[in-house]
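# Architecture at a glance
Next come the chains, spelled out residue by residue.
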Amino acid sequence: MAVTALALAGCARDTGGGGTAQGECERVPPPSVPAESAQPEPEKPKADASALKVGLAYDIGGRGDASFNDAAAAGLDRAVAELGLQKANTREATAQPGESEDAGTTRLRQLAEQGFDPVIAVGFNYATGVDTVAKEFPQTQFAIVDDDTVDLPNVTPLVFAEEQGSFLVGAAAALTTGTCAIGFVGGVDSPLIQKFEAGYEQGATAVAPDIRINADYISPAGDFSGFNDATRGTEIAAGQYDSGADISFAAAGQSNQGVFAAAQAAGTRAIGVDSDQYNSPQLTDVRDVIMTSMIKRVDVAVYDYVNAVAGNTVDALPERFDLRNDGVGYSTSGGFVDDIRPQLEAYKAAIMAGEIQVSSTP
């Protein structure tokens, strides 16, 4: 089955074939893949992490953001629960809105100075800081989520095939839309978030070639305020819903909360990101509009990294966390996608088997 990338056309773009307002989408049957060709990788043995001191530097929002950072926190919590890591031997620190790049570097340096090893940086904004501090502390192990540009022997990148999980929620949107029109709200127009858009669009058009997709970004490249601007998230999503979309996929950090509010006001639906946002305590008031979430298993990456450090098997970690190693996926909480789950699992199997190649660029 051929899946092609859609053309990038700026910060806001309207793609797809233009479905009708009556929702007359022509839908393509899902692929059929033998189960044995789409088996997940086996889970790694558990190591003893009781001797480790683990430092975690969050991106803006920190623990409690109901999204990206909370997924990292869940991985740390799982390491405490399952690997013998002592809670007293963990330290968490959080980036603040508008802070300088030097502040992130200082945060990492303080964790290293205090003897935390490994130190995990959550987010690509820490790339410069990790590069600087890892050179200062060559005996300390570092990991960075969402960045693979730091080429040092004591730095491990924890990166993901976001496009694969986004393909599945794009397919879910196309299978359930009643208007044959859907939206995408990205936090920052950057290569990372474009991966979410790319997979979403490919999944949607694989199911419904004529579907209309409206993609918008809250802030341009280099302006990271888009991850923490729920008001703009509401405005952009409301515009998409007013234009006929009845589902919007939000890949915008804390700004997702604004997209969910817009969906609730419009009586439509939305798709969350990173964590299973239907189950986020901070989102209880809007949970009924969250039909699924593209789960980016930062929790799996953080847990697996701590486990690998404890077992001295860091070199065995995957180059990229994808569907085969449970690095990405989609949520089923709330039961909103139960009736289409067989189709979604068929697309998942086709990706895992290599029959569908998902592009990482729109």
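What comes next is a walk through the structure. Keep in mind the model is a prediction, meaning the values are calculated, not measured.

Conventions used here
Residues numbered from 1 in each chain as written. Predicted model: local features only at pLDDT ≥ 70, side-chain atom pairs only at ≥ 80, totals over all residues. Heavy atoms only, no water. Phe/Tyr/Trp six-rings, centres within 6.5 Å; stacked < 30°, edge-to-face > 60°. Helix = DSSP H or I, 4+ residues; strand = E, 2+ residues; numbered from the N terminus. Buried < 20%, exposed > 50% of the residue type's maximum accessible area, 1.4 Å probe, protein only. Axes fitted to C-alpha atoms, helices over the stretch in contact; angles between N-to-C directions. Parallel < 35°, antiparallel > 145°, perpendicular 65-115°, else oblique. Left-handed = near helix turned anticlockwise from the far one by under 90°. Contact = heavy atoms within 4.5 Å. Nonpolar A, V, L, I, M, F, W, Y, C, P; charged D, E, K, R; others polar. Pairing = 2+ DSSP bridges.

We now examine the packing of aromatic side chains. Applying the stated criterion to the full structure yields nine aromatic pairs. Plain terms: the ring middles of Y200 and F249 are 5.1 Å apart, the flat faces sit at 50° to each other, and that makes the pair tilted. Taken together, the residues Y200 in helix α5 (residues 191-207) and F249 in strand β9 (residues 247-251) connect sequence positions 49 residues apart. Neither Y200 nor F249 differs from the other in exposure class; each is buried.

Where helix α4 (residues 162-176) meets helix α9 (residues 341-352), the axes come as close as 10 Å, and the angle between the chain directions of the two elements is 150°. As far as their axial angle goes, α9 and α4 are roughly antiparallel. Considering the relative orientation of α4 and α9, their crossing is right-handed. Here α4 contributes Q164, F167, L168, A171, A172 and L175 to the contact with α9, which in turn contributes Q343, L344, Y347, K348 and I351. Each residue belonging to the contact of α4 with α9 can be placed in one class, and the counts come to eight nonpolar, two polar and one charged.

Quick look at the sheet that holds strand β4 (residues 119-122) now. Strand order in the open sheet formed by five strands is β3-β2-β4-β5-β6, with parallel pairing between adjacent strands. In this open sheet, the two edge strands, each paired with only one partner strand, are β3 (90-94) and β6 (155-158). Strand-to-strand twist across the sheet, computed as the mean angle between neighbouring axes with direction ignored, equals 15°. Sheet topology places strand β5 (residues 142-145) next to β6; four bridges connect them, and they run parallel. Bridge assignment links F142 to a residue of β6, and that residue is V155. Packed onto the sheet, helix α3 (residues 127-136) meets β4, β5 and β6 and runs at close to 170° relative to β5.

The values are spatial; any link to function lies outside them.
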